[in-house]
Amino acid sequence: MISRKFMQVDVFTSQAYWGNPVAVVLDGTGLSDSAMQRFARWTQLSETTFVLPPSPKGQADGADYRLRIFTPGGELPFAGHPTLGSARAWLDGGGQVQQDGVIIQECGVGLVRIENQEGRWAFAAPPTQKRAVPTDMMAPLLSALGVEAEQVLASQILNNGPEWWCFLLDSAETVQHLNPDHLALKKMGVKVGVAAPSGSPFLIARSNRESRAFSNAAGKSRLQSDAVVQPMDLEVRAFAAAMGILEDPVTGSLNASLAQWLIEEKLMPSHYVAGQGHALGRQGRVHIQQHGSGQVWVGGDTAVCIEGHVALD
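Conventions adopted
- Residues numbered from 1 in each chain as written.
- Predicted model: local features only at pLDDT ≥ 70, side-chain atom pairs only at ≥ 80, totals over all residues.
- Heavy atoms only, no water.
- Phe/Tyr/Trp six-rings, centres within 6.5 Å; stacked < 30°, edge-to-face > 60°.
- Helix = DSSP H or I, 4+ residues; strand = E, 2+ residues; numbered from the N terminus.
- Lys NZ or Arg CZ within 6 Å of the ring centre and 35° of its normal.
- 1 Å grid on protein atoms, 1.4 Å probe; cavity = no way out; pocket = protein on both sides within 12 Å on 5 of 7 lines; lining within 4 Å.
- Points joined across faces, edges and corners; volume = space filled by probe spheres on them.
- Nonpolar A, V, L, I, M, F, W, Y, C, P; charged D, E, K, R; others polar.
- Buried < 20%, exposed > 50% of the residue type's maximum accessible area, 1.4 Å probe, protein only.
- Pairing = 2+ DSSP bridges.

Draft legend 1. Highlighting the packing of aromatic side chains. Inspection of every chain in the model, using the stated rule, returns six aromatic pairs. For the pair Phe 39 and Trp 42, a centre-to-centre distance of 5.7 Å together with 15° between the ring planes defines the contact as stacked. Here Phe 39 and its partner Trp 42 are both found in helix 1 (residues 33-43), three residues apart, which amounts to about one turn of the helix. Judged by centre distance (5.0 Å) and plane angle (45°), the rings of Tyr 65 and Trp 90 are tilted. Highlighted residues: Tyr 65 in strand 4 (residues 65-71) and Trp 90 in helix 3 (residues 80-92), separated in sequence by 25 residues. Put simply, the rings of Phe 6, Phe 39, Trp 42, Phe 50 and Phe 70 touch in pairs and so form one group of aromatic residues. The positively charged end of Lys 191 is found above the aromatic ring belonging to Trp 164, 5.5 Å away from the centroid.

Draft legend 2. Main features of empty space enclosed by the protein. In this structure the tally under the stated criterion is two cavities of 30 Å³ or more. Volume-wise, the largest cavity comes out at about 60 Å³. Glu 47, Ala 79, Trp 164, Thr 251 and Ser 253 are the residues nearest the centre of the largest cavity, which is lined by 13 residues in total. Within the residue set of the lining of the largest cavity, elements represented by two or more residues are helix 3 and helix 7 (252-264). Here the residues of the lining of the largest cavity sort into six nonpolar, five polar and two charged.

Draft legend 3. Focus on the pairing of strand 19 (residues 296-299). By the alternation rule, side chains of strand 19 split into Val 296 and Val 298 and Trp 297 and Gly 299, which are all buried. Relative to strand 19, strand 8 (residues 120-124) runs antiparallel, the two sharing three bridges. Paired with Ala 122 across the bridge in strand 19 is Gly 299. Where strand 18 (residues 284-290) folds back onto strand 19 in an antiparallel hairpin, the turn is made up of five residues, including Gly 294, whose phi is positive at roughly 100°.

Draft legend 4. Seen up close, the layout of surface pockets. What the largest pocket holds in volume is close to 150 Å³. Contributing to the lining of the largest pocket are Asn 20, Pro 21, Gln 44, Leu 45, Ser 46, Gly 244, Ile 245, Glu 247, Asp 248, Pro 249 and Arg 282. Breaking the lining of the largest pocket down by element, the ones donating at least two residues are strand 2 (20-25) and strand 16 (245-248). In terms of residues, the lining of the largest pocket owes the most to one element, strand 16, which gives three residues. Here the lining of the largest pocket is built from residues that sort into four nonpolar, four polar and three charged.

Okay, here's the thing in C-alpha cells:
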C-alpha cells in the first residue's frame with residue numbers, strides 16, 4: 001500500500017462541519033478505476049476525488065491538474081463541490097497556479113475555470129443542456145416527492161455532466177418539508193433537484209453554551225449551535241438515491257444548472273445566494289453571479305477538516 005496525501009474539505013461553508021465534505025486524494029497516480037471506486041464507497045461521502053497530472057491535451061490547453069470524481073455508486077464527469085474542495089486541497093498541498101487567481105481543472109466535461117473573486121473561489125458553470133420532463137414521468141415523480149401538481153411552478157431536466165430532474169416549487173416551506181420516497185426515485189433512476197425562493201433568512205444563532213431552537217421562514221423549528229445568521233434567496237434540496245446518496249447536503253453542479261435555467265427564465269436575479277442542507281443540519285451557502293458576458297459563476301467558502309495520509313494501492 002502506498003501512503004498518499006489526503007484532505008477532507010468542507011465546501012460551501014466558512015465554518016467546518018456545516019457544509020458538504022469531499023474526500024481528496026492528492027496523488028491518484030497509478031490507482032485503478034476499481035481502487036478509486038472502492039475507496040469512494042468506503043468513505044461514504046457524496047463525492048471522493050483523485051488529483052492527477054493533466055493529460056497531454058489538457059496540459060497543452062493550460063490545465064493545472066486533472067480530477068476524477070467518484071460517488072459511492074460511480075464516476076461523474078463533473079461536480080461542483082468536489083471542484084471547489086479539490087482546488088482548495090490542491091493549493092494547500094503545494095499546487096502552483098500558472099496564472100494568479102486562476103486554476104484550470106481538467107475533468108470529464110473538459111476544462112473548468114476556477115477564479116478567486118474577491119477572496120472567494122468560484123467555478124465557471126459548464127454549459128447546461130435542457131429538456132422538458134416527459135409527460136408520462138411527471139405524475140410518478142410528483143408522487144415520489146409528495147408534491148401536488150399545483151405546487152410546481154416550473155420544471156426542467158438539466159444536464160451539465162450530471163443530470164438533474166428539477167422542479168421549482170411554490171414556497172421554501174414546501175421544499176423544506178419534503179419527505180420523498182427515495183426507493184421510488186431510485187427505481188426511476190433519476191436524481192431530483194427542488195428549489196423555491198426564500199422569503200427571509202434561515203435563522204441561526206451563535207451559542208457556545210447550549211443548542212437553542214430557532215425558526216426558519218416556514219416556522220419549522222430546528223436545533224443548531226455555533227452558527228451564524230446567513231441570508232439566502234433560494235432554498236434548494238437534492239435527492240440522489242440513484243447514485244447511492246439519499247440527499248446530498250450541498251450540490252454545486254445542481255446549483256450551477258439551476259442558476260443558468262432560473263436566471264435565463266428571469267425566475268431569479270443575476271446575483272443571489274442559494275441555501276442547501278438544512279434538512280440534514282447543514283448551513284450550505286452557494287454564491288451565484290452572472291457576469292455581463294452571460295457566464296454564470298458558482299462560488300463557495302471552504303474549510304479543511306482533515307489533513308494527513310491514506311494507504312491506497
